[in-house]
Amino acid sequence: MSKKYELKNLTSGKTSEHKAISGTIGPDVIDISNLTKEQGAFTFDPGFMATASTESKITFIDGDAGVLLYRGYPVEQLAEKSNFLEVATLLINGTLPTKPEIEAFTDSITRHTMVNEQLLGFFRGFHHDAHPMAMVSAVVASMAAFYHDTMHIGDPRHREIFAHRIIAKLPTIAAAAYKHTLGQPFIYPRNDLRYCSNMMNMFFAVPCEPYGIDPVAAEALDLLFILHADHEQNASTSTVRLAGSTGTNPYAAISAGVSALWGPAHGGANEAVLDMLDSIGSVANIDKFLSRVKDKNDNVRLMGFGHRVYKNFDPRAKIIRDMCYKVLQKMGKSNNPLFELSLRLEEIALKDDYFVSRKLYPNVDFYSGIIYSALGIPRSMFTVMFAIARTAGWVAHWQEMVSDPNMKIGRPRQLYTGPIKRDYQPIEKR
Ligand code: ACO
């Protein structure tokens, strides 16, 4: 028997019935689409603390148990056995690709990595110290000016071309942003290299000498990308969906997602974690720092800790911490003082009642910056790396939304607390 909820207005006694909808796993959701008609009221849930904004088949998180599934597959298994491009197809298409499918996808991504020369010209308009996220969000939005003949969102082939273009070209755009900040020439993509090796080459090679790609670094990057590829309806994905729900072109929607990701409460946390570790300086200063974090009057947070959904270990943080050990060891950087500091900080915080009582655990970004640093990626590029990986998820969610024949424009309502109707006053009477 299907479950139902009754909502009663305790003043008027009026009741309304709302059906509960069950997903395959996870809590039921209460369908309140008839609430306003029945009760003349809206729901109020700032920050979406208890609101499922959409139905989705892509990613499942159980925040209490620390579970993360992409299309049903545990992220731990994908991290161990898969690779980023396979995970991208899984997220977008819903199934693990067959051999011919992954070969065709990889080939298509490899052959779409070059960007239009005119698009590269945009970088010259940015100041040399522009933040790479500012450049990336602007250049992604400007891609719409180049591909307007393949942007009919109702055409599945156009959607596929967009998906391949954005996944293929984002590393090239990111590398161009980085090279611009260095004042170095852009390095063109190489089709003989795999996705992450090609990215490292575009980031670090220079025309005047050969660049040896470190396979350990490329493998670490690939793993980080798998872990960052999707995370259901997070702030940037919800932004992509909301922007996309207007029917705008997909490049505009992804650019909106890049901008949302930039904030320190979201993807910008990886950059903020290393700034925080620098400011703490040494293990001896941890207690002093944590007292500031716990002081309500001091606006300091333990960056890389806490999550809206996870009230347990973020499964990605565990994998990344183990990876830190391996990567630093393999790269001969095992005496990394920032890693030592972060391990100690985690250990102390996890025994502290402030963090225990609030269920604050390390999130995906507590350790990711340490690996990026070990790979030679500068801090200002950390969130860009996150954006490249999350593009797979953004594309999957955008595709899922626009291919739904019942897609509606996202249009939330509000609790209005401004002035009631009043009459315009001439300037001399104000
Ligand atoms: N340091 C100190 N206290 C914290 C932290 C933190 N990192 N995170 C939450 N708290 C405290 C809050 O002060 C609050 O305490 P109170 O109940 O005494 O007022 C309580 O824990 C609940 O926190 P909220 O901010 O209400 O939780 P919310 O779900 O809104 O925020 C967020 C989640 C934004 C991730 C938060 O934990 C945070 O700011 N963390 C640091 C930034 C960060 O690492 N972001 C990356 C998130 S993962 C990602 O996007 C990839």
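Residues numbered from 1 in each chain as written. Predicted model: local features only at pLDDT ≥ 70, side-chain atom pairs only at ≥ 80, totals over all residues. Heavy atoms only, no water.

## Digging into the overall build of the protein
Piece 1. Secondary structure assignment for the protein yields 18 helices and six strands.
Piece 2. Dimensions of the protein along its principal axes, counting C-alpha atoms only, are 80 × 65 × 60 Å.
Piece 3. Contacts in the protein between residues at least 24 apart in sequence constitute 70% of all its contacts with a sequence separation of at least 6.
Piece 4. If you sum the accessible surface of the protein, you get close to 22,300 Å²; carbon and sulfur atoms cover 53% of it.
Piece 5. Taken as two groups, the 46 positive and 45 negative side-chain charges of the protein have centres that lie 5 Å from each other. (Helix = DSSP H or I, 4+ residues; strand = E, 2+ residues; numbered from the N terminus. Contact = heavy atoms within 4.5 Å. Areas by Shrake-Rupley, 256 points an atom, 1.4 Å probe, with all protein chains shown as cover. Lys, Arg positive; Asp, Glu negative; His and termini not counted. Charge placed at Lys NZ, Arg CZ, Asp CG, Glu CD.)

## Some words on the side chain of R159
Piece 1. If you trace the backbone, R159 turns up in helix 7 (residues 156-182).
Piece 2. The buried charged residue R159 lacks any salt bridge partner; its closest oppositely charged side chain belongs to D155, at an N-O distance of 7.0 Å.
Piece 3. Side chain to side chain, R159 and Q399 meet in a polar contact 3.2 Å long.
Piece 4. Once residues within four sequence positions are removed from consideration, R159 is found in contact with I153, G154, W398, Q399, V402 and S403. (Buried < 20%, exposed > 50% of the residue type's maximum accessible area, 1.4 Å probe, protein only. Salt bridge = Lys/Arg side-chain N within 4 Å of Asp/Glu carboxyl O. Polar contact = N/O pair within 3.5 Å; in protein donor to acceptor, adjacent residues only side chain to side chain.)

## Points about helix 18 (residues 382-402)
Piece 1. Across its 21 residues, helix 18 extends 30 Å between first and last C-alpha, which sits within 8% of the 30 Å expected from 1.5 Å per residue.
Piece 2. When the local axis directions of helix 18 are compared, the greatest deviation, roughly 40°, occurs at R390.
Piece 3. The buried fraction of helix 18 is high, at 20 of 21 residues. (Expected span 1.5 Å × (residues − 1). Bend = angle between axes of the 7 residues up to and from the residue.)

## Brief notes about the site of the ligand
Piece 1. Close contacts around the ligand come from 21 residues, with K296, R301, L302, G304 and R308 the closest.
Piece 2. In the model, a nitrogen atom of the ligand is placed 3.1 Å from a nitrogen or oxygen of the A265 main chain.
Piece 3. When the ligand sits alone it has 910 Å² of accessible area, and the protein chains cover 75% of it.
Piece 4. Looking at side-chain class alone, the shell around the ligand contains 11 nonpolar, five polar and five charged residues. (Near = heavy atom within 4 Å. Nonpolar A, V, L, I, M, F, W, Y, C, P; charged D, E, K, R; others polar.)

## Examining the sheet that holds strand 4 (residues 59-62)
Piece 1. Pairing in this open sheet of three strands is antiparallel, and the strands run 4-5-6 from one edge to the other. Whereas interior strands pair on both sides, the edge strands pair on one side only; in this sheet they are strand 4 and strand 6 (73-74).
Piece 2. Across four bridges, the pairing between strand 4 and strand 5 (residues 67-70) is antiparallel. Paired with I61 across the two strands is L68, which belongs to strand 5. (Pairing = 2+ DSSP bridges.)

## Section: the sheet that holds strand 2 (residues 15-21)
Piece 1. With antiparallel pairing, the three strands of this open sheet are ordered in space as 1-2-3. Looking at the sheet topology across the chains shown, the edges are occupied by strand 1 (4-8) and strand 3 (29-30).
Piece 2. As judged from the five bridges shared by strand 1 and strand 2, these two strands associate in the antiparallel manner. Along strand 2, the bridge assignment pairs Y5 with H18.

## Quick word on the packing of aromatic side chains
Piece 1. Applying the stated criterion across every chain yields a total of 21 aromatic pairs.
Piece 2. Summarising the aromatic geometry, the rings of F313 and Y361 are spaced 5.2 Å apart at their centres and angled 50° between planes, so their arrangement reads as tilted. Of this pair, F313 sits in the loop between helix 13 (286-294) and helix 14 (315-330) while Y361 is found in the loop between helix 16 (353-357) and helix 17 (365-374), placing the two residues 48 residues apart along the sequence.
Piece 3. Residue Y361 is classed as partly exposed on the basis of its relative accessible area, which comes to 24%.
Piece 4. Aromatic side chains F366 and Y367 sit 5.0 Å apart centroid to centroid with 85° between the ring planes, which places their arrangement in the edge-to-face category. As far as burial versus exposure is concerned, F366 and Y367 are alike and both buried.
Piece 5. Ring pairing ties together the aromatic residues F305, Y325, F339, Y354, F355, F366 and Y367, which thus form one cluster.
Piece 6. Positioned above the aromatic ring of Y354, the side-chain terminus of R358 is 3.8 Å from the ring centre. (Phe/Tyr/Trp six-rings, centres within 6.5 Å; stacked < 30°, edge-to-face > 60°. Lys NZ or Arg CZ within 6 Å of the ring centre and 35° of its normal.)

## Focus: empty space enclosed by the protein
Piece 1. In total, this model carries one cavity of 30 Å³ or more according to the counting rule given.
Piece 2. Size it by volume and the largest cavity reaches roughly 90 Å³.
Piece 3. If you trace the largest cavity, you find it lined by M114, V115, E117, L120, T172, A175, A176, F186, I187, Y188 and P189.
Piece 4. For the lining of the largest cavity, the secondary structure elements donating two or more residues are helix 5 (117-121) and helix 7.
Piece 5. Top contributing element to the lining of the largest cavity by residue count: helix 7, with three residues.
Piece 6. For the lining of the largest cavity, the residue count by class is nine nonpolar, one polar and one charged. (1 Å grid on protein atoms, 1.4 Å probe; cavity = no way out; pocket = protein on both sides within 12 Å on 5 of 7 lines; lining within 4 Å. Points joined across faces, edges and corners; volume = space filled by probe spheres on them.)

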